[in-house]
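# Coordinate inspection notes
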Amino acid sequence: MQILKSLGPAVSRVSGAEAMRAGLGAVAGLGLTGLFLLSPQVDTELGLYLVAPFGASSVLLFAVPNSPLAQPWSAVVGNTVAAIVGVAVCLTVPDPALRIALAVGLTITATILCRAVHPPAGAVAMTAAMSPDAIAHLGFWFALTPIALGTTILVLLATVYARLTGRHYPFRHFDDPSKHGTLDRNPVERLGLSEKELTAILERYSQSFNLGAEDLARLIGAAELQAATHISGPLTAQDIMSRNLVTVRSETALGDIADLFRRHRFTSLPVVAANKTFLGVIFQMHLIGQARADALRLDRGYGAALRRLLDRDRAKPMTAGDIMSVAVPRATTDTPIGALLPMMADGDTDAVPIIELGRIVGIVTRTDLIAALARSAARSP
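Nothing here was measured: the structure is a model prediction, and the numbers come from that model.

## Focus on the packing of aromatic side chains
The tally for this structure, following the rule as stated, stands at one aromatic pair. Centroid distance Phe-62 to Tyr-161: 5.8 Å. Interplanar angle 75°. Geometry classified as edge-to-face. Note that Phe-62 is positioned in helix 3 (residues 53-63) and Tyr-161 in helix 8 (residues 141-164), a separation of 99 residues in sequence. There is no split in this pair, since Phe-62 and Tyr-161 are both buried.

Right, dumping it as structure tokens:
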């Protein structure tokens, strides 16, 4: 039975939307490359043609862009080194079987030493070893074009596509600024472990090719958040949520909303319809952001823009519906507080509305969550 289980899928289930995103990325990447840059037909004069390993590279670049094996260094350097090795072997070893085996084996060794392991590189070396006529004509130019040039084009297209579809690629920059533009790590990645220590863990368990230091930091951070749910016990959102809510309607003027923020010292206000149906949330930062946008658009000072924004005498005053956020995390009364932790851990969300049958019945703020965790920690032995 264990053997049969081991033959099943080893990859966790992925949504259809993600599968479609990856497939369309490969279509766009290879389609644009073949249409405008490299010919689908073999061109031994200039070397500007597509090769089969680019298809394998596309799987990594568009389907698993977080993988260390898909990062620009691994892709471009790995494929280029493989091409150099494949050409050298093709020009010096006459026996076809030995030539192919030697080219792939040496490529594996060379790319590991260059810290540029990229599985399609094996296919690049094999392609060179199996194409003695083309290699005799192109020589080491084959490593530059089509291989290095084609891989670079795919990496650039994968970078653009990732940005357009809400992904982050390249992904291997542990020292990148946080989302706030500072040198601090994002909250869920502040582990007290350095990149060197995380890398040592990966090397100890021979996982360097499967995960990067940043991936490991994210996993450890997620595990620690999950472990915090054991401290909190069986608490759910209904145990800690605020129930007596101050809400606003979508037509409420921004001046009135600003007064509510000032009077109650809230950081967020739920927006509801006449029948109490939940519509969205206004965070205090939305007022500030809108005022800043007005200041830039009108070339005025921030204070003047804020006064204009809140001016009740404007011909068409802005309302809650104009600036509320609709796509916000939300939960139900039965949601364990452990599930609320990651929603507010990254700093983007100050409060999570609690919804039942489309209506808001409460709200859990970051303060509510911290207080609940503090009480649970104090009770634990």
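## Structural notes on the environment of Ser-194
Mapped onto the elements, Ser-194 comes out in the loop between helix 8 and helix 9 (195-204). Judged by its relative accessible area of 33%, Ser-194 is partly exposed. Sequence spacing of Ser-194 and Ala-217 is 23 residues, and the spatial spacing of their C-alpha atoms is 9.4 Å.

## Focus on the pairing of strand 5 (residues 359-365)
Along any regular strand, the residues point their side chains to alternate faces of the sheet. As paired elements, strand 4 (residues 351-356) and strand 5 share six bridges and run antiparallel to each other. Counterpart to Ile-355 in the pairing with strand 5 is Ile-360. The antiparallel pairing of strand 4 with strand 5 creates a hairpin that spans two residues between the two strands, and Leu-357 there sits at a positive phi of about 55°.

## A look at the pattern of salt bridges
In this structure the tally under the stated criterion is four salt bridges. Between Arg-21 and Glu-18 there is a salt bridge, with its nearest N and O atoms 3.1 Å apart. Taken as a pair, Arg-21 and Glu-18 lie in helix 2 (residues 16-37) at a separation of three residues, close to a single helical turn. For the pair shown, Arg-21 and Glu-18 are each scored as buried. A salt bridge links Glu-18 to Arg-167, with the nearest nitrogen and oxygen atoms 2.2 Å apart. Taken together, the positions of Glu-18 in helix 2 and Arg-167 in the loop between helix 8 and helix 9 put the pair 149 residues apart, joining distant regions of the chain. Linked through salt bridges whose partners overlap, the residues forming this network are Glu-18, Arg-21 and Arg-167.

Rules of the game
- Residues numbered from 1 in each chain as written.
- Predicted model: local features only at pLDDT ≥ 70, side-chain atom pairs only at ≥ 80, totals over all residues.
- Heavy atoms only, no water.
- Phe/Tyr/Trp six-rings, centres within 6.5 Å; stacked < 30°, edge-to-face > 60°.
- Helix = DSSP H or I, 4+ residues; strand = E, 2+ residues; numbered from the N terminus.
- Buried < 20%, exposed > 50% of the residue type's maximum accessible area, 1.4 Å probe, protein only.
- Pairing = 2+ DSSP bridges.
- Salt bridge = Lys/Arg side-chain N within 4 Å of Asp/Glu carboxyl O.

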